[in-house]
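Inside the fold
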Amino acid sequence: MTPSPLRLTFDGGTIVVTGGSEEDRGALPGVAHDPRTKTQRAEGRHYRMIVEYLINHKIAYEDAAREYQAATWTLNSSRTPFPHQTEAVDTWWKSKARGVVVLPTGTGKTFMAMLAIQKAARPAIVVTPTIDLLHQWHGELSQAFGTTVGMMGGGDYDIQPLTVTTYDSAYIHLERWGNRFGLLVFDECHHLPGPTYAMAAIGSLAPFRLGLTATPERADGMEHSYPELIGPIVYRREISELSGDFLAEYATRRIYVSLSEDEQARYTAAREKYRQFILDSNISLSGPNGWQRFIFEASKSKEGWQAYQAYREQKRLERAAIAKLKKLEELLVTHAKDRAIIFTADNATVYQIAREYLIPAITHQTKAKERKQILERFHSGEYSIVVTSQVLNEGVDVPSANVGIVLSGTGTIRENVQRLGRLLRKQKDKQAILYEIVAQGTTEEYASERRRQHQAFR
C-alpha cells in the first residue's frame, strides 16, 4: 500500500508531520514522537531545516503549516543608508538571513531593520520589550512603508502582514501568529533568552530572523542561546568605532564623593547588621538565587526583617548622600545651557530630586500620557532636565540629551552602556558627557568598577 504524501501542519507553535514513510518522518531534523497525540512533531523553529531537508532529499511533501507568501515592501525614504547599515544587512543576508546585529544606540538599528524587511520580502513581525517601543516602531514602520501596520499588545490585537508586538504578547498569542510570518525581528534581543520570552522564537516558523541590540551579553550567560533562537552574532560595531562620524563625540568622567561622618556611621552600622545576618544564615549572594534566598530567610524572623531594613538603609545612604546632591547641583549649574538626564537606581531618589529641585520625573509609575508630554517638552527645550530611575535606560529616543549624570545604578555593563547611549545620537557638533558620581567607602565603588568593564569607558 502506497503511503499518503508527507504533510506538514502547524499546531500551537509546533509542526506536526503526518503521512509519508516512517523512515522519512523519523529522519527529519528536530522531529520526535509525541506520545500524547501519537504523532511526529517538531518545534516551530525547525521548520526551515525540515523543508530544506525535504527539498535536498527530493521527498515529496505538502506544506499546510505555512500561512504566508512572498511580500513586496517599498521603503519610502530618501535617506541614504550609512555604510555600517548596508554592511550589516549584507552580512546578515549572506548568513542565510539569520543572526544578531550589534550596533550602538543612535546608529540606526531601526532603519537597518527596515532595509532587512525590504530585502527579505516576506511578511514580518517586530517584537519589542516595551509599550513605548511598540508605538515607536509602529509609527516609524507606518511612515516608512506607507502601509497598514498591525499591532498586538497594549490592548490592541490586529495582525497584518507587517506587525509590531511586545515580548509578552508574542509568546502569549504564539499559536495565532506563529505560522504567519517569514521574518522575525527581535528588538533589544537580549530580552529574548529565558523560559517564557524564548517561546516566541521557539514556536515560530519564520525562516528569516534578525536580532538587534547594543548590548548582547547577559549577566546569566544566556546569550549562548542566540544561535538556536535567532542565529549567531553576525555583525558588530562598538561605540568607539562609530563615534565622531555616526555618533556624537563623548567623554566619561567619574567623580568620587564622601559620606558625612553621620552618614558613614549609619552606613557602617546598617551594613554590618545586614552582613552578619547573611553570614549567620549561611547565604551566598554570589551563588544561584542568593538574593531570593536572603529575602526568604529575612521574612521568617524579626532579625531577618531588621537585616532587610538595614540593607535598604545602606542603599539609601549611598544613593542619595548629601555630597552627591551637592555635586549634582554643581553639575547642573555648569551645564545650565545643556539638556541633561539624571539617572538613579530607585524611585525614592528620583522623587526626592524632583521635589527638591523641581525637575520633571519619569519612573515606571509615570502614566504614558504624562511621560510622552515630559519627553516632548524635553525635546523642544521647554524642559532642560529630567530625572529618571531605569525607564529611560533603553529604547526611548532622546536625541537632544547631551549630558548624563549617574547618581546610582546596578553593576551591570549593559545598563551603563545603555545610559551612555541615550546621549550619543549625533546632532550637528554635539559633544556628550556622562558623569558618574560614586560614594567612596561604599559598595558603589565595586559596582562602578564592574559596570565600566566595556571598551566605551576606557
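What counts and what doesn't
- Residues numbered from 1 in each chain as written.
- Predicted model: local features only at pLDDT ≥ 70, side-chain atom pairs only at ≥ 80, totals over all residues.
- Heavy atoms only, no water.
- Helix = DSSP H or I, 4+ residues; strand = E, 2+ residues; numbered from the N terminus.
- Polar contact = N/O pair within 3.5 Å; in protein donor to acceptor, adjacent residues only side chain to side chain.
- Contact = heavy atoms within 4.5 Å.
- Buried < 20%, exposed > 50% of the residue type's maximum accessible area, 1.4 Å probe, protein only.
- Phe/Tyr/Trp six-rings, centres within 6.5 Å; stacked < 30°, edge-to-face > 60°.
- Lys NZ or Arg CZ within 6 Å of the ring centre and 35° of its normal.

Focus on the side chain of Q85
Relative to the elements of secondary structure, Q85 occurs in helix α3 (residues 83-94). Within the structure, Q85 has its side chain in polar contact with the backbone nitrogen of F82 (distance 2.8 Å). Residues contacting Q85, with those up to four places away along its chain left out, are R79, T107, G108, F111, M112 and L115.

Digging into unusual backbone geometry
With phi around 55°, K58 is a residue other than glycine that occupies positive phi space. Checked against the element boundaries, K58 lands in the loop between α2 (47-56) and β5 (61-64). One non-glycine residue, N282, adopts positive backbone phi at about 55°. Note on placement: N282 falls in the loop between α11 (261-280) and α12 (290-298). Under the relative-accessibility criterion, N282 is labelled exposed at 64%.

Focus: the packing of aromatic side chains
If you walk through the whole model with that rule in mind, you get 14 aromatic pairs. Taking 6.1 Å as the distance between ring centres and 65° as the angle between the ring planes, the aromatic pair formed by W73 and F145 counts as edge-to-face. Taken together, the residues W73 in the loop between β5 and α3 and F145 in helix α5 (residues 131-145) connect sequence positions 72 residues apart. The same class applies to W73 as to F145, namely buried. With a centroid separation of 6.0 Å and an interplanar angle of 70°, the aromatic rings of F277 and F294 are classed as edge-to-face. Of this pair, F277 sits in helix α11 while F294 sits in helix α12, and the two are 17 residues apart along the sequence. The structure contains a cluster of three or more aromatic residues connected by ring pairs, namely Y274, F277, W291, F294 and Y311. Across from the ring centre of Y68, 4.9 Å away, lies the NZ or CZ of R66, which sits over that ring.

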